Amino acid sequence: MPVVTAVEAQQWLIEKIAHRLGVPSEDVPPETYFDELDLDSTEALILAGEMENWLGFELGTTTLWYHPSIKDLAEYIAEESAARAGENHAASA
Amino acid sequence: MRPRRDAGPAVVHRLAEAGDGLGTVFLVHPGALAAGVHRTLAEALPPGTGLTVLDLSGHPAYWEAALTGGRADTTVEELADRIGDELAALDDGGPRTLAGWSFGGVVAQALVERMPAGRRPDRLVLLDSIAPTPEYQQPDEALEPPLLLGWFAMYLGAKRSRPVDVDPQLLAGGGTEDGLRHVLAAAAAGGALPADTPPAGLRKLYGTYVDGLLRNNRLTAPYTARPSTVPLVLVTAERSLLPGDRTLGWGPLAPHGLEVHRSPGDHYTMLSRPDAAAVIARLVRPAASARRAPATKV
């Protein structure tokens, strides 16, 4: 599983959110807090499920709560992705 | 820059302030829907009647369990004591009524029985709560996909304020994946979800919903309720979680009487529909015992 960088995670999140909101990606700044978006908790969970499918690993559902902005969540995903890649590398060495 | 959130939802939500001595309704809420869903009830109450929602999700062990697999490191008794502490801190000595929706009713009933006799309310109002009695306590295995998927469709409809009508025949005997496809088709047809909603996303939403149910089921399973020392008033939804079950099992726990009323809507929309709120408001308003609507005595 390739490592996902913070930039890639941020881009993925912005594209998905922009699509859901029907606005251009430029209108969704990375600093945006999820609760400032016109996304309810249903849409946030659906987004989380789609993101897990893309990442190939499960994110705790509380992740969205504890990392409440796009930028913050993207950084967490990058850290988690790198940590998991490191674990897999160690296991296969 | 807004600080990172370190805690979950709050316990106390004051949706309407009391005035003119009309008292306050305290309503125990078990999550699933946001506490603000009770605003419809706040608007249906007579002006000056307070409504404070006590959200169990404010207890971290309870809240996080719905997001981390459905096993809560707490008990019904502990939740009741936690809510009781909040209630004691808010109590201004004025008239009050206690109510609970769904699993919140189970906790509210435990809370009343753990209060000193002189502090108990004159009645307890239960909104589509299933009794915590051996006949109604279920192992997890009893919650099979067709049942859960039907409830999930109801929940999704309430969350999105759009109908999600799935033919139960389509869910009967099927598995979760097939069932979710039918739920998604119905949600898209009713405008509750976009037609391009990814199955992985809906699966995540369903998994979180089921974990919340399992959490409450596992909390209820080992719990032994004391019979109520106050009369119980039960409001069942037309589309209750257990259709056709008039008392939801409360009879053995109601030696001082059980009134049963019916509200429009389903288990979830009974909280947001104005016609349901009108029924509930008549029953919960403090010191309104003499003005309550006709009911069936059990």
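Residues numbered from 1 in each chain as written. Chains lettered and ligands numbered in written order. Predicted model: local features only at pLDDT ≥ 70, side-chain atom pairs only at ≥ 80, totals over all residues.

Undergrad: Kindly report on the pairing of strand β3 (residues 50-55) of chain B, identifying the contributing residues and their values.
TA: Residue and element names in this part refer to chain B. Among the six residues that make up β3, six are buried, leaving the element largely enclosed by the rest of the structure. Here β3 shows no split at all, with G50, T52 and L54 on one side and L51, V53 and D55 on the other all buried. Pairing between strand β1 (residues 12-16) and β3: four bridges, direction antiparallel. Residue pairing in the sheet places H13 in a bridge with V53 of β3. As defined by bridge partners, strand β2 (residues 24-29) adjoins β3 across six bridges and the pair is classed as parallel. Bridged to T24 within β3 is G50. Handedness of the crossover joining β2 and β3 through helix α1 (residues 39-44): right-handed. (Buried ≥ 20, exposed ≤ 12 C-beta atoms within 10 Å, placed from the backbone. Helix = DSSP H or I, 4+ residues; strand = E, 2+ residues; numbered from the N terminus. Pairing = 2+ DSSP bridges. Right-handed = clockwise from strand over helix to strand, strands pointing away.)

Undergrad: Outline the domain arrangement of chain B, listing residues and values.
TA: According to the domain assignment, chain B contains domain 1 (12-137 + 223-297) and domain 2 (140-216). Facing 19 residues of domain 1 of chain B, the contacting portion of domain 2 of chain B comprises 11 residues. (Domains from an automatic or database assignment. Contact = placed C-beta atoms within 7 Å.)

Undergrad: Explain the confidence of the model for chain B to me, using residue names and the numbers behind them.
TA: Residues and elements named next belong to chain B. Per-residue confidence for chain B gives a mean pLDDT of 91, with 94% of residues at or over 70. In this model, residues 288-294 is a region of pLDDT below 50 whose contacts with residues beyond four sequence positions or in other chains number seven contacts. Model confidence for the complex is summarised by a pTM of 0.88, with the ipTM given as 0.78. (pLDDT = per-residue confidence, 0-100.)

Undergrad: Lay out the nonpolar core with the relevant residues and their values.
TA: All names here are of chain B. Core analysis: the largest hydrophobic core is formed by 104 residues, its most contacted members being L27, V107, V125, A153, V183 and I280. If you count residues domain by domain, this core takes at least three from each of domain 1 (12-137 + 223-297) and domain 2 (140-216). Apart from residues no more than four positions distant in its own chain, V107 is found in contact with V28, L56, V76, L79, A80, I83 and G100. (Core = buried A, V, L, I, M, F, W, Y, C linked by C-beta atoms within 7 Å.)

Undergrad: Which residues make up the packing of helix α5 (residues 145-160) of chain B against helix α8 (residues 199-220) of chain B, and what values do they have?
TA: A pair of packed helices is captured by two measures, namely the crossing angle of their axes and the spacing between those axes. Residues and elements named next belong to chain B. Two elements in contact, α5 and α8, have axes separated by 11 Å at closest approach and are oriented at 110°. One element, α5, and the other, α8, form an angle in the roughly perpendicular class. Contact with α5, carried on its side by L148, F152 and Y155, involves Y206, Y209, V210 and L213 of α8 and no other residues of that element. Among the residues forming the contact of α5 with α8, the class breakdown is seven nonpolar, no polar and no charged. (Axes fitted to C-alpha atoms, helices over the stretch in contact; angles between N-to-C directions. Parallel < 35°, antiparallel > 145°, perpendicular 65-115°, else oblique. Nonpolar A, V, L, I, M, F, W, Y, C, P; charged D, E, K, R; others polar.)

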